[in-house]
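Given next are the chains, with one letter for each unit.
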Amino acid sequence: MTLGTTDREIIRALQGGLPLVPAPYKAVAETLGLSEARLVQRLAAMKETGVIRRIAAAPNHYRLGMIENGMTVWDVEDDRIAELGAQIGALSFVTHCYERPRAPPDWPFNLFAMVHGSDKNEIAAKRAEIRTILGAASRADDMLVSTRILKKTGLRLGQKR
Amino acid sequence: MTPLDDIDRDVLNAIQDDLPLSHRPFAEVAARIGLDEQELLARITRLKDQGVLTRFGPFFDAAAMGGAFCLCAMAVPEDAFEMVTELVNAHDEVAHNYQRAHVLNMWFVLATETPEGIDRAADAIEAETGLAVRRFPKLQEFFVGFRVAA
């Protein structure tokens, strides 16, 4: 789907976040020359289409002590991936969970699940928990531990179009 | 940073849920956890200033806007790592980039406004670095119920 001009302006205005004031939608609407009702209607529509997933806080894992992250990868039988992927994604400590293409010969893995924890032992325990759920349906797995953040930025929408 | 108190923890847990689209949304959330609106706003502002929150606002899905995401990986020789990092990070399409302990030691996400933009950016990085950019587009996303329990 493509975005209308109003929606693009709304997204651009909200990329940095929502103002922390009692009536935040009214405040944003005023800067855009829209009514609060119109802004709320567009936000509701963008939630409906999935352009906005939710309006919420993004916590900083590091400042909350969750300084380790591991990208666990699994070679899961194709006919079970939908069922098992849904189960792994539902785990409270998994932040991202995707099926991605295998890339033979050196990359047999098709399920990616990111786990976070306060130390190496904690992420190892979480990997073990995933392994228990997948059982024999996973033929191989690995965990790629992050050693350094090289870049981290939010979504930036271009100015064109 | 001052340690989080119990009220901060309640706030952190409550504000990871979707904010209502109402005239006074923070008043509604505050009522749920027994605070008043001003107190909640003051605490969110402080948590943000302290860096406990990266941001507060809408989570956008670039794919739903017609754009695309792709996870990419490279096997970068150790002695070229800093140089390659600079070349990769200079691309605006690189949303985040992590070093990981593996032969494929650089993992980054490309976010572009069109699906064609992914290959364009990845091909440009290959040309600049002389290294292969392995592409792992998502085939299926599984719903994640993740919340940081504070």
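Residues numbered from 1 in each chain as written. Chains lettered and ligands numbered in written order. Predicted model: local features only at pLDDT ≥ 70, side-chain atom pairs only at ≥ 80, totals over all residues. Heavy atoms only, no water.

1. Things to note about the confidence of the model for chain A
For clarity, the cut-off: What pLDDT conveys is the predictor's confidence in a given residue, as a value from 0 to 100. Working rule for contacts: check all heavy atoms of both residues, and any pair within 4.5 Å makes them a contact.
On average, residues of chain A carry a pLDDT of 91, and 94% of them reach 70 or more. Per-residue pLDDT stays below 50 along residues 157–161 of chain A; that stretch engages in 14 contacts with residues further than four places along the chain or on separate chains.

2. Regarding unusual backbone geometry
Note the threshold: A run of H or I in DSSP becomes a helix once it reaches four residues, and a run of E becomes a strand once it reaches two; helices and strands are each numbered from the N terminus.
Residue Pro104(A) is joined to Pro105(A) through a cis peptide bond whose omega torsion reads 5 degrees. When you line up the elements, Pro105(A) lands in the loop between β3 (94–99) and β4 (111–117).

3. Topic: helix α3 (residues 36–49) of chain A
An α-helical segment advances 3.6 residues per turn. Residues three or four places apart therefore align on the same side. Residues and elements named next belong to chain A. The criterion, for reference: Each helix should span, by expectation, one fewer than its residue count multiplied by 1.5 Å. Each residue's exposure class comes from its accessible area (1.4 Å probe, protein chains only) as a fraction of the maximum for that residue type: buried when under 20%, exposed when over 50%, partly exposed otherwise. The directions from the helix axis to the C-beta atoms are what the arc is built from.
For α3, which comprises 14 residues, the first-to-last C-alpha distance of 20 Å matches the rise-based estimate of 20 Å (1.5 Å per residue) to within 8%. Within the span of α3, buried status applies to Leu-39, Val-40, Arg-42, Leu-43 and Met-46. All buried residues of α3 fall inside an arc of 160 degrees around its axis, so they share one side. Among the exposed residues of α3, those oriented more than 90 degrees off its buried face are Ala-37 and Glu-48. Gly-50 sits one or two residues past α3 and shows a positive phi near 90 degrees.

4. As for the packing of aromatic side chains
Short version of the rule: A pair of Phe, Tyr and Trp rings is counted when the ring centres sit within 6.5 Å of each other, with Trp represented by its six-membered ring. The angle between the planes then sorts it: under 30 degrees is stacked, over 60 is edge-to-face, the rest tilted. Our definition puts a charge over a ring when NZ of Lys or CZ of Arg is within 6 Å of the ring centre and also within 35 degrees of the ring normal.
Counted by the stated rule, this structure contains eight aromatic pairs over all chains. Each ring, one from Phe112(A) and one from Trp107(B), has its centre 6.4 Å from the other, and the planes form 65 degrees; the classification is edge-to-face. Within this pair, whereas Phe112(A) is found in strand β4, its partner Trp107(B) is found in strand β4 (residues 106–112), the two belonging to separate chains. Of the aromatic side chains, those joined through ring pairs into one cluster are Trp107(A), Phe109(A), Phe112(A), Trp107(B) and Phe136(B). Its guanidinium or amino end placed over the ring of Phe112(A), Arg100(A) lies 5.3 Å from that ring's centre, counting from NZ or CZ. Across from the ring centre of Tyr98(B), 5.2 Å away, lies the NZ or CZ of Arg100(B), which sits over that ring.

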